[in-house]
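Structural characterization, general
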Amino acid sequence: MERGYPAYTTSPGWLGYSDEKLTRLAQEAVAAGFRQIKLKVGADLADDVRRFKAARAAVGPELRIAIDANQRWSVPEAVEWVRALAEFDPYWIEEPTSPDDVLGHAAIRAAVRPVKVATGEHVQNRVVFKQLLQAQAIDVLQLDAARVGGVNENLAILLLAAKFGVPVCPHAGGVGLCELVQHLSMFDYVALSGTTADRVVEFVDHLHEHFTDPVRIHDGHYAAPTAPGFSAEMLTDSIATYSYPDGTFWRADRGEH
C-alpha cells in the first residue's frame, strides 16, 4: 500500500521507432521512476546493436534493459544473437525461441549466462511451466493472466515458481493484462514470496482508459488497487463502441449510420 509493486516498461522499445524516439522514451521512463525497460529485438542484428547502444547511452549503465525476441530464433540463432548483444548488459532475453521448446530454452540458458532467460506469455498451463522449471530452462517465469485458464491455474503456477525459487514477472503487453496481473503479483508477494526482489510487472501505457478501475503507476510502481474484483470490468461506452461487429465504431467503419 505504501510503495506499490515494481513495474518495468516496454514503451520505449518497439521495433520501428527511430533512435531519437527510443532515446526520448527511455529517458522519460527513467524520469518516471522505472528501473527497467525492455527492447524488442530479432529482426536485424546490426539494427539491434545500434538501438541497444542508444538505449544504454540514454539510461546509463545501472538501469536494467531486458530484450524480447518474440520467438524469432532457432536455438543456435538465439545463442549467437544474445552473445552479440552481451556487451550492452541485457538483463534477460525473453521468448528467444518457441515457447514449447523446453529443452531448447535449457540449452540457451546454459549458453548465454549471465543473461537470464525468461518466457511464459504463451504457456497455457501449469504442466508446461512445471517442465520449464524442472529442466532448469528459465530464470524468470512470465505467466499471462489470460493465456492461462483461470485464477486457480495461475495460483498453481505461482506455487510452482515459489517451490523452485524462480521469480514471477508477468507478461502484460495486451489490453487489460496490466489490470489483471497486478492482482496475481500482489498475491504472490502477500501470500507466497514475501519479496519484490528481482520481480517486476510489465507496464504498457495504452488503452487503460477503457476500464472502470485502470492501473495506476506511481514512481515506476503499480499502486495497489482498492476496488473489489479483478480490475477487468470495461466501461459500458467502450463496449458499445468497439464490440464487433455491431459496435458504433465498426458500423461507422462500414459506412453505416
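Computed from a prediction, not measured in an experiment: that's the story for all the values here.

This next bit is on the overall build of the protein chain. Regarding its fold elements, the protein chain presents 9 helices and 9 strands. For a compact globule of 257 residues, the expected C-alpha radius of gyration is about 18 Å, and the protein chain comes in at 19 Å, within 12% of that figure. Overall size of the protein chain, expressed as C-alpha extent along the three principal axes, is 55 × 45 × 40 Å. The contacts of the protein chain with a sequence gap of at least 6 include a subset with a gap of at least 24, amounting to 69%. As displayed, the protein chain offers around 12200 Å² of accessible surface, 53% of which is attributable to carbon and sulfur atoms. A distance of 5 Å separates the average location of the 24 positive side-chain charges in the protein chain from that of its 34 negative side-chain charges.

This brings us to the packing of aromatic side chains. Enumeration according to the criterion identifies 9 aromatic pairs in this entry. Ring geometry for F34 and F203: centres 6.2 Å apart, planes at 15 degrees, overall stacked. Residue F34 is found in the loop between α1 (19-31) and β2 (36-40), and its partner F203 is found in strand β7 (residues 201-203); the two are separated by 169 residues along the sequence. Judged by centre distance (5.8 Å) and plane angle (40 degrees), the ring pair of Y91 and W92 falls under tilted. On the basis of relative accessible area, W92 is assigned to the buried category, the value being 0%.

Topologically, T97 is positioned in the loop between β4 (90-94) and α4 (102-112). Engagement of the side chain of T97 in a polar contact is seen with the backbone oxygen of W73, the distance being 2.8 Å. Contact partners of T97, with chain neighbours within four places excluded, come to Q71, W73, S74, V75, H105 and I108.

With that settled, the discussion passes to the packing of helix α3 (residues 75-85) against α4. The geometry of α3 relative to α4 is characterised by a closest axis approach of 10 Å and an angle of 25 degrees between their N-to-C directions. Here α3 lies roughly parallel to α4, going by the angle between them. Here α3 and α4 pass one another in a crossing that is right-handed. Contact with α3, carried on its side by V75, A78, V79, V82 and R83, involves G104, A107, I108, A111 and V112 of α4 and no other residues of that element. The class makeup of the residues in the contact of α3 with α4 is 8 nonpolar, 1 polar and 1 charged.

What follows covers the pattern of salt bridges. Throughout the structure, instances matching the rule amount to 14 salt bridges. The salt bridge involving D19 is made with R50; its shortest N-O contact spans 2.7 Å. In this pair, D19 sits in helix α1 while R50 sits in helix α2 (residues 45-59), placing the two residues 31 residues apart along the sequence. With its nearest N and O atoms 3.2 Å apart, the salt bridge here joins K38 to E202. You can see K38 sitting in strand β2 and its partner E202 sitting in strand β7, a full 164 residues away along the chain. Its relative accessible area of 0% is what places K38 among the buried residues. Residue classification places E202 among the buried residues on the basis of a relative accessible area of 2%.

So, on to the pairing of strand β1 (residues 5-13). Taking burial as the measure, the 9 residues of β1 include 9 buried ones, the bulk of the element. Taken together, the 2 bridges between β1 and strand β9 (residues 221-222) define a ladder with antiparallel strand orientation. Its bridge partner lying in β9, P6 is registered against H221. As paired elements, β1 and β7 share 3 bridges and run parallel to each other. If you follow Y8 over to β7, its bridge partner there is E202. As a crossover connection, the stretch from β1 through α1 into β2 is right-handed.

Here T119 lies in strand β5 (residues 116-119). Residue class for T119 comes out buried when judged on its relative accessible area of 0%. It is 8.4 Å that separates the C-alpha atoms of T119 and I93, two residues lying 26 residues apart in sequence. Beyond its immediate stretch of four places on either side in the chain, T119 contacts E95, H105, F129, L132, I138, V140, L141 and Q142.

Looking now at helix α5 (residues 126-134). Structurally, the α-helix is built with 3.6 residues per turn, so residues lying three or four positions apart point the same way. Turning to α5, its buried residues are V128, F129, L132 and L133. For α5, the arc enclosing every buried residue in end-on projection is 140 degrees, short of the 170-degree limit, so these residues lie on one face. Buried-residue contacts for α5 involve α4, β5, β6 (140-141) and α6 (151-164). Between a side-chain oxygen at the N-terminus of α5 and the backbone nitrogen of V127 the separation is 2.9 Å; the capping residue is N125. Positive phi appears at Q136, one or two residues downstream of α5, with a value of about 55 degrees.

Thresholds applied
Residues numbered from 1 in each chain as written. Predicted model: local features only at pLDDT ≥ 70, side-chain atom pairs only at ≥ 80, totals over all residues. Heavy atoms only, no water. Helix = DSSP H or I, 4+ residues; strand = E, 2+ residues; numbered from the N terminus. Rg over C-alpha atoms; globule rule 2.2 N^0.38 Å. Contact = heavy atoms within 4.5 Å. Areas by Shrake-Rupley, 256 points an atom, 1.4 Å probe, with all protein chains shown as cover. Lys, Arg positive; Asp, Glu negative; His and termini not counted. Charge placed at Lys NZ, Arg CZ, Asp CG, Glu CD. Phe/Tyr/Trp six-rings, centres within 6.5 Å; stacked < 30°, edge-to-face > 60°. Buried < 20%, exposed > 50% of the residue type's maximum accessible area, 1.4 Å probe, protein only. Polar contact = N/O pair within 3.5 Å; in protein donor to acceptor, adjacent residues only side chain to side chain. Axes fitted to C-alpha atoms, helices over the stretch in contact; angles between N-to-C directions. Parallel < 35°, antiparallel > 145°, perpendicular 65-115°, else oblique. Left-handed = near helix turned anticlockwise from the far one by under 90°. Nonpolar A, V, L, I, M, F, W, Y, C, P; charged D, E, K, R; others polar. Salt bridge = Lys/Arg side-chain N within 4 Å of Asp/Glu carboxyl O. Pairing = 2+ DSSP bridges. Right-handed = clockwise from strand over helix to strand, strands pointing away. Arc of directions from axis to C-beta.

By themselves, these observations are geometric and do not establish any function.
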